[in-house]
Amino acid sequence: MTTRNVLKTGLLAVALLVAALATTLSVYAGEGRPIATVTIPPAPELFASTPPPLTVTQCGQCHPGVFAGLKDEGGRHRFDCQKCHATFHSFSPKKMNWDGIMPKCSSCHAEPHGKGITDCASCHVNPHTPKKVAMETRLLNACPQCHVSPKEQLVKFPSKHSQLACQTCHTIHGYKPNCISCHTKPHHGGEVVGLCTSCHQVHKPRQITYGKDASAATCGSCHGKVYATWQNSPSKHAKVNCAACHHLKHGYVPQCTECHAAPHKKEFLSRYPRCLTCHLDPHNPPAKQVK
Ligand code: HEC
Ligand code: HEC
Ligand code: HEC
Ligand code: HEC
Ligand code: HEC
Ligand code: HEC
Ligand code: HEC
Ligand code: HEC
Ligand code: HEC
Ligand code: HEC
Ligand code: HEC
Ligand code: HEC
């Protein structure tokens, strides 16, 4: 090859290179060839403001069940969803990240029932209705862990109630039944004035105590004879309530001197120490006749 030919070929190569480069550059500049297959004019005004966070009502539009739960039975959990759900709409079945994104009780509650109880969701099944705790095995086995004294009383003071399970009476957690739903005619059908619980504590119903104003008629429903004697007595004792004398607890019998400190001269009483030798019946003392 001559030098001239070599020069010619070189020039040609450079020319080709420049041409190729130019074509490439023109493509990168977008000249002629479109970058999308459709034409949509840009609308930046649509993005002028940042969207406000979703309101609770808006969450509720898509999650009506959750919303209704909180509305009706959410109790003190009726605050903004996002106070609990810091992360949401990011569950991915591929990542299996449900537990990771769901709120944790422990981020807001310490250990409200003590160290022994940590499996919150086994009783508080639905965080959107936190107080609805079903009477299921987990709860039934745990009553005395949280309520020490009812169990203690039922064991320490045996009665027929001690033979009943807690849930026989407490059919729903927190529900307190009425005595007369089971005892339709207590006291052998006699008159009962006043609250049952003013005399009976339900977890130790045989340990009967009452105030000095307990109704005499109620005593009379079982002690009919004494009641009749007392009621018909002309004595001032007929104005003294049964429970004022028989106070402290059922069956207590008072000393006359609790109320009559020194009714007679000392010499007199040392000869006749028993008041009832002369006054006969506390429910109808015939003081005037003894005279
Ligand atoms: C006190 C905290 C708390 C509040 C307030 C709360 N959530 Fe939840 N939410 C949870 C927890 C905890 C779970 C996980 C339950 C589970 O894993 O089964 C959950 C689960 C969910 C789920 C998925 C399971 C289901 O029940 O459908 C949805 C959806 C949901 N919440 C929506 C909401 C919405 C909407 C609001 C407000 C209207 C809200 N949450 C308020 C704690 C809360
Ligand atoms: C436009 C409808 C819509 C709105 C509004 C909406 N969600 Fe959802 N959300 C869904 C759908 C759909 C799912 C997935 C299916 C399902 O679990 O119901 C979902 C799932 C969830 C879940 C469970 C799965 C996950 O990835 O977290 C939570 C928690 C949740 N939403 C909370 C909320 C909260 C809180 C709000 C309000 C701040 C809200 N959502 C607003 C439609 C919506
Ligand atoms: C974002 C914080 C937060 C999370 C998470 C949370 N709670 Fe609460 N919870 C509260 C607050 C606040 C109260 C009200 C406390 C008060 O009024 O003293 C409350 C009250 C409660 C109550 C009483 C409700 C009432 O109406 O009296 C229960 C039960 C409860 N939470 C259980 C749970 C359980 C179970 C979880 C987990 C599934 C949970 N909470 C998760 C904040 C939270
Ligand atoms: C064995 C069942 C059980 C477990 C487990 C359990 N709770 Fe409770 N919790 C209850 C019951 C029952 C109540 C009383 C509800 C009511 O007031 O009717 C309650 C009440 C509460 C209250 C309200 C307390 C108050 O004085 O008003 C909070 C808060 C609470 N639980 C949080 C939790 C948290 C957090 C966990 C897990 C660490 C948890 N619970 C585990 C049964 C349980
Ligand atoms: C995890 C703890 C926990 C367990 C387990 C539990 N309770 Fe409760 N219970 C509570 C709390 C908290 C309250 C509400 C606060 C209060 O009044 O003491 C409550 C309230 C009650 C009340 C109403 C109290 C009142 O004075 O009005 C009754 C009745 C009751 N519980 C019975 C039961 C019975 C029966 C069981 C077993 C089936 C049980 N509880 C299991 C924590 C518990
Ligand atoms: C769910 C039913 C139920 C409820 C509610 C109930 N009891 Fe009873 N109670 C019984 C049964 C059953 C017996 C045993 C009756 C029998 O053997 O004749 C009993 C026995 C008694 C006894 C006798 C105890 C003994 O050992 O001799 C007294 C007193 C009593 N109940 C008082 C009450 C009072 C007061 C209330 C309310 C505070 C009440 N009960 C609520 C079912 C109930
Ligand atoms: C014979 C029915 C009966 C049985 C059995 C019974 N309760 Fe009760 N309980 C009641 C009634 C009725 C009240 C309401 C008493 C009142 O108003 O003074 C009550 C009150 C309560 C209260 C609230 C007041 C308090 O004394 O603290 C708790 C908590 C409770 N019961 C727990 C229990 C537990 C736990 C058991 C089982 C170990 C149990 N009860 C067994 C009938 C019963
Ligand atoms: C003034 C106190 C007082 C009041 C109020 C009272 N009781 Fe009694 N109750 C007693 C006494 C005292 C006994 C006898 C206990 C004994 O046999 O040692 C008794 C016994 C009982 C008995 C077991 C014997 C029987 O008759 O079946 C039941 C059940 C009973 N009461 C239920 C009730 C109920 C239900 C109420 C409310 C409607 C109530 N009591 C109100 C004092 C009272
Ligand atoms: C439901 C039936 C019933 C009612 C109501 C009742 N009692 Fe009794 N009471 C008895 C029985 C049965 C005995 C005997 C068994 C015993 O000692 O527990 C008794 C014993 C007594 C005794 C002791 C007698 C002795 O010999 O030691 C006195 C005092 C007494 N009751 C007073 C009262 C008073 C006061 C009231 C009302 C506040 C009352 N009772 C209500 C059934 C009742
Ligand atoms: C002023 C005090 C006083 C009053 C009021 C009173 N008691 Fe008594 N009661 C006594 C004394 C004291 C005895 C013991 C008598 C004895 O030792 O023989 C007694 C004995 C009893 C006994 C056992 C012996 C018997 O007579 O059966 C019963 C039951 C009784 N009282 C019931 C009642 C009832 C019911 C009432 C009301 C209707 C009542 N008491 C009012 C002081 C009183
Ligand atoms: C709980 C207190 C109490 C007890 C216990 C008590 N009494 Fe009385 N007694 C009274 C009162 C109050 C009167 C009326 C006083 C007045 O009005 O001056 C009274 C009056 C009397 C009278 C006069 C009756 C009349 O109608 O004039 C005699 C007698 C008497 N008591 C004897 C006794 C004897 C005996 C005992 C023991 C068996 C006894 N008392 C126990 C409170 C009591
Ligand atoms: C030997 C018989 C006798 C004995 C024992 C006796 N009393 Fe009397 N008591 C009488 C007589 C009689 C009267 C009526 C005299 C009068 O009105 O002063 C009377 C009157 C009373 C009165 C009424 C006083 C008034 O002002 O109306 C009281 C109260 C009384 N006695 C309490 C007692 C007490 C308490 C005892 C036991 C510590 C007792 N008596 C023992 C015979 C007795």
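Up top is the structure these notes are about.
Residues numbered from 1 in each chain as written. Chains lettered and ligands numbered in written order. Predicted model: local features only at pLDDT ≥ 70, side-chain atom pairs only at ≥ 80, totals over all residues.

A. View of the environment of lysine 204. On the secondary structure map, lysine 204 appears in the loop between α9 (166-169) and α10 (216-220). Of the residues examined, lysine 204 has 21 C-beta atoms within 10 Å and is grouped as buried. On a C-alpha basis, the gap between lysine 204 and proline 150 in space is 8.6 Å, while along the polypeptide they are 54 residues apart. Residue contacts for lysine 204: discarding those within four places in its chain leaves Gln153, Phe157 and Ser159. (Helix = DSSP H or I, 4+ residues; strand = E, 2+ residues; numbered from the N terminus. Buried ≥ 20, exposed ≤ 12 C-beta atoms within 10 Å, placed from the backbone. Contact = placed C-beta atoms within 7 Å.)

B. Summary view of the site of ligand 4. Around ligand 4, the surrounding shell holds 19 residues, and the nearest of these are Cys105, His109, Cys120, Cys123 and Ala142. Within the shell around ligand 4, the residues separate by chemical class into 8 nonpolar, 7 polar and 4 charged. (Near = placed C-beta within 6 Å. Nonpolar A, V, L, I, M, F, W, Y, C, P; charged D, E, K, R; others polar.)

C. Representation of the site of ligand 2. If you check the shell around ligand 2, you find 14 residues, and the closest are Leu54, Cys59, Cys62, Cys81 and Phe91. Where the shell around ligand 2 is concerned, the elements lending two or more residues are α2 (56-62) and α4 (81-84). It is α2 that provides the largest number of residues to the shell around ligand 2, a total of 4 residues. Residues that form the shell around ligand 2 fall into these classes: 7 nonpolar, 7 polar and no charged.

D. Layout of the environment of histidine 173. One can find histidine 173 in the loop between α9 and α10. By C-beta crowding, histidine 173 is classed as partly exposed, having 16 other C-beta atoms within 10 Å. Sequence separation between histidine 173 and methionine 135 is 38 residues, and the spatial gap between their C-alpha atoms is 6.5 Å. Residues in contact with histidine 173, not counting those within four places in the same chain, are Val133, Met135 and Leu139.

E. Representation of unusual backbone geometry in the model. Here histidine 89, not a glycine, exhibits a phi torsion of approximately 55°, which is positive. Relative to the elements of secondary structure, histidine 89 occurs in the loop between α4 and α5 (98-101). For histidine 89, a count of 6 C-beta atoms within 10 Å puts it in the exposed group. For methionine 96, which is not glycine, the phi dihedral falls at a positive 50°. For methionine 96, a count of 9 C-beta atoms within 10 Å gives the class exposed.

That is the geometry; function is a separate question.
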